[in-house]
Amino acid sequence: MSGGTVLLFDWNGTVVLDAERARLALNGVLVARGLPELDRAGFAREFHLPMADMFVRLGVADPLVAEGEWNTAMAAAPAPLRPGLESVADLGEAGARLGVISAASEAAVGADIAHHGLSAVWDSVDTSVTDKLATLRARRGAERQAFYVGDTAYDMRCAVEAGYVAVAVSGGYSAVDVLRDAGAQHVIDSLDALEALFGQGAVALG
């Protein structure tokens, strides 16, 4: 069932439930520059990738430095895992190729992986990714089925354009209606729902 499948994930907001951690880290960057903080609604409205573009839109004059500061803050505090990751590991043991493609830094993602003991789960971990579309294409491989799981509109658009089934998760950085508008073909709450989708054949690529 899982052989011949590549299953790749965004990290922040997708594998880890850290929207509040990200908002606080972003506000730290903004306040240090005399810019207004974002409440939860403002964060959901303003957060988008690539992060440098977001920082420019928020009035940050040094977006690359700001992104580094955000990543440092993200690495300093662990975040809880999204439910169902155990079933993802089971899919890997059954033959699926598992990987991470994230804009977050190696230090930030690595801190979460170390905290939760997840290093053995992933076949590949791509961090500090500035072009998810290119990285998704590079990681596509020869598997019959390919899925990208993410929580932002950017994730969904890149997945669709790269030829993946776009699976969105709720409770991340973007609202469900935004994810659907960006091309999400399925929306799930828990990662163990992925196995059910495979079993139904609902997302097989033609």
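Residue indices follow the written sequence of each chain, beginning from 1 at its first position. Residue-level local features of this predicted model are given only where pLDDT is at least 70; pairs of side-chain atoms are given and counted only at 80 or more, and the full residue set underlies all totals for whole chains, interfaces and linings. Excluding hydrogens and water, the side-chain figures rest on all heavy atoms present in the structure.

We call a residue buried when its accessible area falls under 20% of the maximum for its residue type, exposed when it is over 50%, and partly exposed in between, using a 1.4 Å probe and counting protein chains only. Each helix corresponds to a stretch of at least 4 residues labelled H or I by DSSP, and each strand to a stretch of at least 2 residues labelled E; elements are numbered beginning at the N terminus. In terms of burial, strand β4 (residues 145-150) is a largely internal element, six of the six residues being buried. Where burial is concerned, the two faces of β4 agree: the one with Q145, F147 and V149 and the one with A146, Y148 and G150 are both buried. One ladder, built from five bridges, connects strand β1 (residues 5-9) with β4; its direction is parallel. Within β4, the residue paired with F9 across the bridge is V149. DSSP bridges decide pairing: two strands pair if at least two such bridges lie between them. Taken together, the four bridges between β4 and strand β5 (residues 165-169) define a ladder with parallel strand orientation. When the bridges of β5 are listed, F147 appears paired with V165.

Moving on, we come to helix α6 (residues 106-116). Since there are 3.6 residues in each turn of an α-helix, residues three or four apart along the chain are aligned in direction. Burial in α6 covers these residues: A108, V109, D112 and I113. The buried side chains of α6 occupy one side of the element, clustering within an arc of 130° when seen end-on. More than 90 degrees from the buried face of α6, the exposed residues found are E106, A107, A114 and H115. After α6 finishes, the residue G117 shows a positive phi value of roughly 65°. Regarding the arc, it is the one traced by the directions from the helix axis to the C-beta atoms.

Moving on: the environment of E93. Looking at where E93 falls in the secondary structure, it is placed in helix α5 (residues 85-93). Note on E93: relative accessible area 71%, which makes it exposed. Through-space distance from the C-alpha of E93 to that of V121 is 8.9 Å; in sequence the pair is 28 residues apart.

What follows covers the nonpolar core. Throughout this description, the term nonpolar core refers to a set of buried Ala, Val, Leu, Ile, Met, Phe, Trp, Tyr and Cys residues connected via side-chain atoms within 4.5 Å. Ranked by size, the top nonpolar core spans 68 residues in total, and within it W70 and W122 carry the most contacts. With residues up to four places along the chain from it excluded, the contact list for W70 reads N12, A22, A25, L26, V29, F47, M51, F55 and Y173. Residue contacts follow a heavy-atom distance rule, with two residues in contact if any of their heavy atoms lie within 4.5 Å.

Now for helix α8 (residues 153-161). All of the buried residues along α8 are A153, Y154, D155, M156, C158 and A159. Looking at the buried side of α8, the elements it contacts are α7 (132-138), β4, β5 and α9 (176-181). Two residues or fewer after α8 comes G163, characterised by a positive phi angle close to 90°.

Here the focus is a negative patch on the surface. Patch definition: residues with relative accessible area over 30% and no salt bridge; like charges joined within 9 Å; nonpolar side chains (Val, Leu, Ile, Met, Phe, Trp, Tyr) joined within 5 Å. The method behind every accessible area is Shrake-Rupley, applied with a 1.4 Å probe, and residues are considered shielded solely by the protein chains displayed. What counts as a salt bridge is simple: a side-chain nitrogen of Lys or Arg found within 4 Å of a carboxyl oxygen of Asp or Glu. Neither His nor the chain ends contribute to the count of charged residues, in which Lys and Arg are positive and Asp and Glu negative. Charge positions are represented by NZ for Lys, CZ for Arg, CG for Asp and CD for Glu. On the surface, E86, D90, E93, D192 and E195 cluster together to form a negatively charged patch. Here the negative patch takes three residues from α5, the largest share from any one element. Topologically, D192 is positioned in the loop between β6 (186-188) and α10 (193-200).

It is worth spelling out the environment of G183 at this point. Relative to the helices and strands, G183 resides in the loop between α9 and β6. On the accessibility criterion, G183 (25% relative accessible area) is partly exposed. Spatially, the C-alpha atom of G183 lies 20 Å from that of V15, the residues being 168 residues apart in sequence. When residues no more than four places from it in sequence are discounted, the contact partners of G183 are M156, V160 and A166.

Geometry only, nothing functional implied.
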